[in-house]
Amino acid sequence: MKILKKIIIAIFIVPIFSLTVLGDEILDLYKYLHENPELSWQEHNTSRLLASKLRDIGFEVTENVPKTAVVAVYKNGSGSTLLIRADMDALPVEEKTNLSYASKVRVTNIDGMEVPVMHACGHDVHMAVLIGTAKQLIKNKKDWTGTLLLILQPAEELGQGSLAMLREGLFKKFPRPDFNLALHVGASAPAGKIGYHLGYAMANVDMVDIIIPGVGGHGAYPHTAKDPIVLASQIVLALQTIVSREIDPLQPAVVTVGSIHGGFKHNIISDEVRLQLTLRSYTDEVREKTIERIKRIIEGQALSSGMPKDKFPSLTIRDQFTPALYNNPEFSMRVVNYIENAIGSDNVFEVPAVMGGEDFGRFGRVEPKIPSFLFWLGGTPESEWKRAAKGEISLPSNHSPFFAPDPIPTLQTGVKAMTAAALGVLKNE
């Protein structure tokens, strides 16, 4: 409630700070990216366009690091190396914003299905802010020294992009950063505001598949079969005890069964049920404990049901692991101070951690660890946020087909905040 009250005071009482109006180029770029989204690992046109723009600004640009990933380097004398990342991929969502630049794109995904595509998570904002920040930093290069390492990352929505870039040798082929920065636009704050959280800010994310075999048969003769639907039901209920009874209540964790499929007809006992789970945590210890408890539960339930060992359930963790995002407190507060000096302390707020995932955190987990900070960029139109604060409407969240940041104040604040952060880290003293 204190956070909400502070934001309300800033909107209704504190005058909105003035911002240098962005050139039409950045706004036009944002609208083009929004209207022409590309799915994970399909960001071919996006990466070529942005690589070209960074070359024009003066960066040394390398493409396909790997696939659609882009790395841009600008060396400006001795000093620290700063990584700034923007993600590029969109989502299979049908846009319903009715914007003049709304996406109407439909493509064939990797599974051969035709799907709609939308920048429903705001990666178009992230890319436009990165280009705007690059322009500002090169324009003011007399005010800083060091090396800029700009990353245009694919496949964030799959949790794969940062891992692929690191496996490609990102920090061996290019300067290893001393600090990492990123931002993420969201609907929980109005455009023109910045939110941040120190420490664990976003969660470990695992996608888990469980296959539960059975012995099929006639529904009228259940004693001649081994019903995997009954076993699956017992497993689903038992999984709920992991967070409530086996994880420290002070350690956040989530175990959600998002999908259950088994059987085809009323009077047939199926021979298989499939479950799909998402797991969330902050620490590696809680993550490992949760996975171990799931394995124990599925085997224990199968044993108690009389299932032979050769038909015990199997568990597969998909190669889509997203590690928890940890905002180094000391580095983060340095950056927060730089941003407050640029846009005013009344426009910067500490916000709660969330259980969503963001694979930017992986760039900081390499050994030795790199101090990293991701901050939130408010994107909700001010008029809508005021109505939501009064309880008149609900705001569409990221991944919603109605998610539509207010472009001018969002981009202005994003560029100004990220530029101030970078100048502070690389300041020439």
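Summarised in this report is the structure supplied together with it. All values reported here derive from a predicted model rather than from experimental measurement. (Residues numbered from 1 in each chain as written. Predicted model: local features only at pLDDT ≥ 70, side-chain atom pairs only at ≥ 80, totals over all residues. Heavy atoms only, no water.)

With respect to unusual backbone geometry
Going by this rule: Labels follow the DSSP assignment, with helices taken as runs of H or I lasting at least four residues and strands as runs of E lasting at least two, numbered in each case from the N terminus.
Looking along the chain, the bond that leaves Val-65 and enters Pro-66 is cis, with omega of -5°. With respect to the helices and strands, Pro-66 occurs in the loop between strand S1 (60–63) and strand S2 (70–76). Residue Pro-368 follows Glu-367 across a cis peptide bond; omega there is -10°. Following the sequence through the fold, Pro-368 ends up in the loop between strand S17 (348–350) and strand S18 (372–380). One non-glycine residue, Asn-64, lies in the positive phi region at around 60°.

Considering the packing of aromatic side chains
Rules: Here a Phe, Tyr or Trp ring, Trp counted by its six-membered ring, pairs with any other such ring whose centre lies within 6.5 Å, and the pair is stacked when the planes are under 30 degrees apart, edge-to-face when over 60, and tilted otherwise. Relative accessible area decides the class of each residue, using a 1.4 Å probe on protein chains only: under 20% of the type maximum gives buried, over 50% gives exposed, and in between gives partly exposed. For a ring to carry a charge above it, either NZ of a lysine or CZ of an arginine must fall within 6 Å of the ring centroid while also lying within 35 degrees of the normal to the ring plane.
Enumeration over the complete set of coordinates arrives at 9 aromatic pairs. Relative to Tyr-326, the ring of Tyr-200 lies with its centre 5.0 Å away and its plane at 65°, an arrangement referred to as edge-to-face. Of this pair, Tyr-200 sits in strand S9 (residues 199–202) while Tyr-326 is found in strand S16 (residues 325–327), placing the two residues 126 residues apart along the sequence. Using a relative accessible area of 35% as the deciding quantity, one classes Tyr-200 as partly exposed. With a centroid separation of 5.7 Å and 40° between ring planes, the pair formed by Phe-373 and Phe-375 is classed as tilted. Overall, Phe-373 belongs to the buried group, its relative accessible area being 0%. Residue classification places Phe-375 among the buried residues on the basis of a relative accessible area of 0%. Grouped by ring-pair contacts, the aromatic residues Phe-59, Tyr-74 and Trp-144 constitute a single cluster. In this arrangement the basic side chain of Lys-67 is found over the ring face of Trp-41, its NZ or CZ atom lying 4.7 Å from the centre. Here the guanidinium or amino end of Arg-287 rests over the ring plane of Phe-321, the centre of that ring lying 3.8 Å away.

A word on helix H11 (residues 407–425)
Going by this rule: One less than the residue count of a helix, multiplied by 1.5 Å, gives the span that helix is expected to have.
Along its 19 residues, H11 runs 27 Å from first to last C-alpha, staying within 8% of the 27 Å computed at 1.5 Å per residue. In terms of burial, H11 is a largely internal element, 15 of the 19 residues being buried.

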